[in-house]
Amino acid sequence: MSDKAATRYNVGLFVTCLVDLFRPSVAFAAIKLLEQAGCRVSVPPTQTCCGQPAYNSGDRSAATDIVKQVVAAFEQFDAVVVPSGSCAGMIRHHGPLLLGDDPEWGARVKVLAEKTFELTQFLATKTAYTPTAQHTAEVVYHDSCSCLREMGIGAEPRALLDHVTGLNRREMDGREECCGFGGLFSVKYPDVSNAMVSAKVANIKASGAELCVGADLGCLLNIAGKLKRDGAPIAVRHVAEVLADHCDKPAIGDRS
């Protein structure tokens, strides 16, 4: 038995605000995957936001208070797993910047940061999990900026998707380009954001895929909205939903 297979992690799942409010099925899929990987999974009821909206808008005081709450809620676990590269990046990289010099919280936030992972990153590098899902589709994977640039994640979700029976994975042109969401960016600069998501959707269409998959719900909501406005018959799903065999449920943006 490998070291990864022998490790049984006590995992705290950080659900994220967008998943909680718009796509709870992603959280249930993540729990299923983590349990299949042999983890004990808890969802702390005291969790709230990761602090990213306040941090990105310059409200460092509010962001600091929120990060303290995250530390208190999750420091008991062996690992913190997040179905979002942006929220994972906030905890892992920006939390220590806010609290690193604090005599009470500095050491605690650094420990938490080191054991915080995006979902596919954790499954691929810390467990012996192998997907058993089946879903027939031509699929393209969208790299969020936070996953790719902040967390250094790109190969992990693709490797997991390649184990899904029936999926034929393609790559799109401009795979490293932003979709234009960027949280508050899309609100502050709607015209620029729309131009960026238009370019991203054009590349998705050109790939010939019938399913677009990603690991950040903000990006996926943005892409799904543009695809729907364009009338493009391309479904959008979180990678956790595909890996967990939850593709019988409506795709993101499909209210039917």
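Residues numbered from 1 in each chain as written. Predicted model: local features only at pLDDT ≥ 70, side-chain atom pairs only at ≥ 80, totals over all residues. Heavy atoms only, no water.

K.L.:
An account of helix 3 (residues 24-36) is needed here, citing residue identities and associated values.
P.N.:
Look at helix 3: 19 Å from first C-alpha to last across 13 residues, which is about the 18 Å you get at 1.5 Å a residue. Along helix 3, the residues that are buried comprise Ser25, Val26, Ala27, Ala29, Ala30, Leu33 and Leu34. Of the residues trailing helix 3, Gly38 is marked for its positive phi of about 90°. (Helix = DSSP H or I, 4+ residues; strand = E, 2+ residues; numbered from the N terminus. Expected span 1.5 Å × (residues − 1). Buried < 20%, exposed > 50% of the residue type's maximum accessible area, 1.4 Å probe, protein only.)

K.L.:
Which residues make up the nonpolar core, and what values go with them?
P.N.:
Ranked by internal contacts, the top residues of the largest apolar core, which has 80 residues, are Phe14, Leu34, Phe122 and Ile223. Look past the residues within four positions of Leu34 in its chain and what remains in contact with it is Val11, Leu13, Cys39, Val41, Val81, Leu119, Phe122 and Leu123. (Core = buried A, V, L, I, M, F, W, Y, C linked by side-chain atoms within 4.5 Å. Contact = heavy atoms within 4.5 Å.)

K.L.:
For the sheet that holds strand 3 (residues 79-82), give the residues involved together with the corresponding values.
P.N.:
Hydrogen bonds along the backbone pair up the strands of a sheet, which may run parallel or antiparallel. With parallel pairing, the 4 strands of this open sheet are ordered in space as 2-1-3-4. Every interior strand has two partners, whereas the edge strands, strand 2 (40-42) and strand 4 (116-118), have only one. Averaged over neighbouring strand pairs, the angle between their axes works out to 30° when direction is ignored. Here 3 bridges tie strand 1 (residues 10-13) to strand 3, and the two strands are oriented parallel to one another. Paired with Gly12 across the two strands is Val80, which belongs to strand 3. Helix 6 (residues 85-99) rests against strand 3 and strand 4 of the sheet, and its axis sits at about 160° to strand 4. (Pairing = 2+ DSSP bridges. Axes fitted to C-alpha atoms, helices over the stretch in contact; angles between N-to-C directions.)

K.L.:
Which residues make up the packing of helix 5 (residues 60-74) against helix 6, and what values go with them?
P.N.:
Remark: helix 5 packs on helix 6, axes separated minimally by 10 Å, with the N-to-C direction vectors making an angle of 115°. The way helix 5 lies across helix 6 gives a crossing that is left-handed. On helix 6, the residues touching Arg60, Ala63, Thr64, Val67, Lys68 and Val70 of helix 5 are Met90, Ile91, Gly95, Leu98 and Leu99. For the contact of helix 5 with helix 6, a count of residues per class yields 7 nonpolar, 2 polar and 2 charged. (Left-handed = near helix turned anticlockwise from the far one by under 90°. Nonpolar A, V, L, I, M, F, W, Y, C, P; charged D, E, K, R; others polar.)

K.L.:
So what's going on with empty space enclosed by the protein? Which residues, and what values?
P.N.:
Counted by the stated rule, this structure contains 1 cavity of 30 Å³ or more. Put simply, the largest cavity is a space of about 40 Å³. What lines the largest cavity is simply Cys50, Val67, Val70, Met90, Ile91, Gly95 and Val109. Only helix 5 and helix 6 provide two or more residues apiece to the lining of the largest cavity. For the lining of the largest cavity, the leading source of residues is helix 6, giving 3 residues. Among the residues making up the lining of the largest cavity, the classes are represented as 6 nonpolar, 1 polar and no charged. (1 Å grid on protein atoms, 1.4 Å probe; cavity = no way out; pocket = protein on both sides within 12 Å on 5 of 7 lines; lining within 4 Å. Points joined across faces, edges and corners; volume = space filled by probe spheres on them.)

K.L.:
Could you give me a rundown of a nonpolar patch on the surface, with the residues and numbers involved?
P.N.:
A contiguous nonpolar surface patch, about 300 Å² in accessible area, is contributed by Leu21, Phe22 and Leu221. Of note, Phe22 is situated in helix 2 (residues 17-22). (Patch = residues over 30% accessible without salt bridge, like charges linked within 9 Å, V, L, I, M, F, W, Y side chains within 5 Å. Areas by Shrake-Rupley, 256 points an atom, 1.4 Å probe, with all protein chains shown as cover. Salt bridge = Lys/Arg side-chain N within 4 Å of Asp/Glu carboxyl O.)

K.L.:
Could you give me a rundown of the pairing of strand 7 (residues 211-214), with the residues and numbers involved?
P.N.:
The side chains of a regular strand alternate between the sheet's two faces. Of the two faces of strand 7, the one holding Leu211 and Val213 and the one holding Cys212 and Gly214 are both buried throughout. By the bridge criterion, 4 bridges tie strand 7 to strand 8 (residues 235-238) in an arrangement that is parallel. Its bridge partner being in strand 8, Leu211 is matched across the sheet by Ala235.

K.L.:
Kindly report on the pairing of strand 3, identifying the contributing residues and their values.
P.N.:
Both faces of strand 3 are covered, namely the face carrying Ala79 and Val81 and the face carrying Val80 and Val82. Relative to strand 4, strand 3 runs parallel, the two sharing 3 bridges. Counterpart to Val81 in the pairing with strand 4 is Phe117.

K.L.:
Could you give an account of the packing of helix 6 against helix 7 (residues 106-114), naming the residues involved and the relevant values?
P.N.:
At a minimum axis distance of 8 Å, the contact between helix 6 and helix 7 shows a crossing angle of 170°. Between helix 6 and helix 7, the interaxial angle falls into the category roughly antiparallel. Each of Ile91, Arg92, Gly95, Pro96 and Leu99 in helix 6 lies in contact with helix 7, whose residues at this interface are Gly106, Val109, Lys110, Leu112, Ala113 and Glu114. Residue composition of the contact of helix 6 with helix 7, grouped by class: 6 nonpolar, 2 polar and 3 charged. (Parallel < 35°, antiparallel > 145°, perpendicular 65-115°, else oblique.)

K.L.:
Could you give an account of the environment of Val213, with specific residues and numbers?
P.N.:
Secondary-structure assignment places Val213 in strand 7. Judged by its relative accessible area of 0%, Val213 is buried. Separated by 26 residues in sequence, Val213 and Val239 have C-alpha atoms that sit 5.5 Å apart. The contact partners of Val213, leaving out residues within four places of it in the chain, are Val139, Val140, Tyr141, His142, Leu161, Leu220, Arg237, His238, Val239 and Val242.

K.L.:
Could you give an account of the sheet that holds strand 7, with specific residues and numbers?
P.N.:
Taken in spatial order, the 4 strands of this open sheet run 6-5-7-8, and their pairing is parallel. The open sheet is flanked by strand 6 (165-170) and strand 8, the only strands paired with a single partner. Strand-to-strand, the axes of this sheet are offset by a mean angle of 35°, without reference to chain direction. With 4 bridges connecting them, strand 5 (residues 134-142) and strand 7 associate as parallel partners. Its bridge partner being in strand 7, Val140 is matched across the sheet by Cys212. Most of the contacts of helix 13 (residues 217-230) go to strand 8, to which it runs at about 170°, and overall it touches strand 5, strand 7 and strand 8.

These results come straight from atomic positions and should not be treated as a statement about function.
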